[in-house]
Amino acid sequence: MKTTTPFEQVVAEHGATILRVCRAVLGPGADADDAWSETFLAALKAWPEQNRIANVEAWLVTIAHRKAIDITRARARHAVPVAEVPDEVTTRGVPGAHDQDLWDAVARLPDKQRHAVAYHHVAGLPHAQIAEILGGTAESARRAAADGIKNLRRSLDAERVHEEGASR
Amino acid sequence: MTHETASALLALTTPDADDLERLRSRLATDALASGDLDVAYATVDTPVGALLLAATDHGLVRVAYEREGFDAVLETLATQVSSRVLRAPQRLDIAAREIDEYFAKRRTVFDLPLDFSLSSGFRQTVQRHLPDIAYGHTESYKVVAEAVGNPKAVRAVGTACATNPLPVVVPCHRVVRSDGSPGNYAGGPEAKITLLTLEGAA
């Protein structure tokens, strides 16, 4: 049986979650927007050919994973080396500073951990499903997600200690 | 601990409604440009309530009243035309403008490509005849049956009007009972009377 759900309904139901996933993997900017757009355009093309999909969200995350990797590779190819690293704008003491810390911490995670955290803790996919997307076993996907959360926690605690020390 | 960090991550990545709306609109634009959008739709507000307008590459394929249930209408389109359905008001711009003009009494004839793929056979023959009934005029079911060369098919003409996929634009509201009473209508009897009154035919 081919699917007969209007694609608009797929966008309405899963659009927000897939954008969360793209942001967790690529950061909150234009890359995540591009990954989202490419994911849903590819899904729209393929939609009428799909037999009733048991887990539409997992199917979309699988597409988003590939699109995000393509975008990361393209970004690496086009990256321009800069001679001098410009001064970072400080985020200390402004609202949303903790957000920036968490974004930075997510960006610093090893790829596999960041993917596993995004697909398990943001999209809510089971580890076995994530193993199919990332390769490897369900156990290694579970471990990557757990290590990822542990690393995020550690980064955030370190920031907190740093800030408390600075404010004294 | 795990829970707290995961919740922080969820909160961090949650998009606001504007972000999503912007991306949905971009998807509609991209899909129209790449030719992957089979059914585009939009809703418009009119004196007879919200109308859903849907169009394929070939033209306007469906006009639906809210009482028909927009979700149900979209599901039927997905089943009978294509499941590549997106809200993409760009493709409905001209249809929406002509409908506005019609309700503002600035338009008496619709000038739009129409896609009759949701009907077939005798029903479609009847529906294609309906635009020949001039603005402000009515015909009885019996007269329509005669006009399409099947004078005994009065009941079938009724069915053809009741299943008109393009009400308002294909004016099934101009077909009334022989005694002059309005008869049934997909948009409800009040909507039919509103349209006939607007046109000065009732």
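For every chain, the first residue of the written sequence is number 1, and numbering continues from 1 along that sequence. Throughout, the order in which chains and ligands are written sets their labels, letters from A for the former and numbers from 1 for the latter. Where local features are concerned, this predicted model is filtered to residues with pLDDT of at least 70; where side-chain atom pairs are given and counted, the filter is 80 or more; whole-chain, interface and lining totals use all residues. Side-chain numbers here rest on the full set of heavy atoms in the structure, without hydrogens or water.

### Comments concerning the packing of helix H2 (residues 30–46) of chain A against helix H3 (residues 56–78) of chain A
All names here are of chain A. The condition is simple: Helix axes use the C-alpha atoms of the stretch in contact, all axes being lines fitted to C-alpha atoms, and the angles between their N-to-C directions lie in the range 0 to 180 degrees. Strands are runs of DSSP state E lasting at least 2 residues, helices are runs of H or I lasting at least 4, and numbering of each runs from the N terminus. Each angle receives one of four descriptions, namely roughly parallel if under 35 degrees, roughly antiparallel if over 145, roughly perpendicular if within 65 to 115, and oblique otherwise. Take the far helix as the reference: if the near one is turned anticlockwise from it by less than a right angle, the crossing is left-handed, and if turned clockwise, right-handed. Two residues qualify as a contact provided that any one of their heavy atoms is within 4.5 Å of a heavy atom in the partner residue.
It is at 9 Å that the axes of H2 and H3 come closest, and there the two elements cross at 130°. Classed by the angle they form, the pair H2 and H3 counts as oblique. As H2 runs across H3, the sense of the crossing is right-handed. Contacts between H2 and H3 involve Asp31, Asp34, Ala35, Glu38, Thr39, Phe40, Ala42, Ala43 and Ala46 from the former and Trp59, Leu60, Ile63, Ala64, Lys67, Ile71 and Arg75 from the latter.

### Description of the UniProt feature "domain: RNA polymerase sigma-70 region" (unreviewed entry) in chain A
Quick reminder of the rule: UniProt positions are given in the numbering used here, feature names are shortened, and annotations may be inferred rather than shown by experiment.
As annotated by UniProt and renumbered to match this structure, "domain: RNA polymerase sigma-70 region" (unreviewed entry) occupies residues 11–77 of chain A. This span, residues 11–77 of chain A, is 82% helix and 0% strand, and a straight line between its end C-alpha atoms measures 31 Å.

### What about the UniProt feature "domain: Methylguanine DNA methyltransferase ribonuclease-like" (unreviewed entry) in chain B?
What UniProt calls "domain: Methylguanine DNA methyltransferase ribonuclease-like" (unreviewed entry) maps, in this numbering, to residues 40–116 of chain B. Overall, residues 40–116 of chain B shows 29% helix and 30% strand. The separation of its end C-alpha atoms is 15 Å.

### Here's the deal with the domain arrangement of chain A
Residues and elements named next belong to chain A. Test applied: Reported domain spans reflect what an automatic or database domain assignment gives. The buried area of a pairing is the accessible area, by a 1.4 Å probe, that goes missing from both parts when the two are put together, added over both. We define a salt bridge as a side-chain nitrogen of Lys or Arg found within 4 Å of a carboxyl oxygen belonging to Asp or Glu.
As assigned here, chain A comprises domain 1 (1–81) and domain 2 (99–167). On a C-alpha basis, the centres of domain 1 and domain 2 stand 20 Å from each other. Facing 14 residues of domain 1, the contacting portion of domain 2 comprises 12 residues. For the pair domain 1 and domain 2, the summed buried area comes to about 1,200 Å², and 74% of that belongs to carbon and sulfur atoms. Contact with domain 2 buries surface across domain 1, with Ala24, Val25 and His65 losing the most and accounting together for 41% of the total. Our count for the contact surface shared by domain 1 and domain 2 stands at zero salt bridges.

### Looking at helix H1 (residues 2–13) of chain B
All names here are of chain B. To keep things clear, this is the line we draw: By this rule, a helix spans an expected 1.5 Å times one less than how many residues it contains. Burial here depends on accessible area, computed with a 1.4 Å probe over protein chains only, as a share of the maximum for the residue type. Under 20% is buried, over 50% is exposed, and the range in between is partly exposed. What the arc describes is the spread of directions from the helix axis to the C-beta atoms.
With 12 residues, H1 should reach 16 Å at 1.5 Å per residue; the first-to-last C-alpha distance of 17 Å fits that figure. For H1, every residue scored as buried is listed here: Thr5, Ala6, Leu9, Leu12 and Thr13. Mapping the buried residues of H1 onto a view down its axis gives an arc of 120°, with all of them on the same face. Relative to its buried face, H1 has exposed residues pointing more than 90 degrees away, namely His3 and Ala11.

### Some thoughts on the layout of surface pockets
Residues and elements named next belong to chain B. We count it as follows: Whether a set of points on the 1 Å grid over the protein atoms alone is a cavity depends on a 1.4 Å probe fitting there but being unable to get out, while an open set qualifies as a pocket with protein on both sides within 12 Å along at least five of seven lines; lining residues are those with an atom within 4 Å of a point. Grid points are joined across faces, edges and corners, and a volume is the space filled by probe spheres set on the points. Residues are grouped as follows: Ala, Val, Leu, Ile, Met, Phe, Trp, Tyr, Cys and Pro are nonpolar; Asp, Glu, Lys and Arg are charged; all remaining types, including Gly, are polar.
Counted as a void, the largest pocket has a volume near 250 Å³. Around the largest pocket, the lining comprises 14 residues; the ones closest to its centre are Arg62, Thr76, Leu118, Thr163 and Pro165. Here the lining of the largest pocket gets four residues from one element, more than from any other, and that element is helix H3 (residues 70–80). Partitioned by chemical class, the residues of the lining of the largest pocket number six nonpolar, five polar and three charged.

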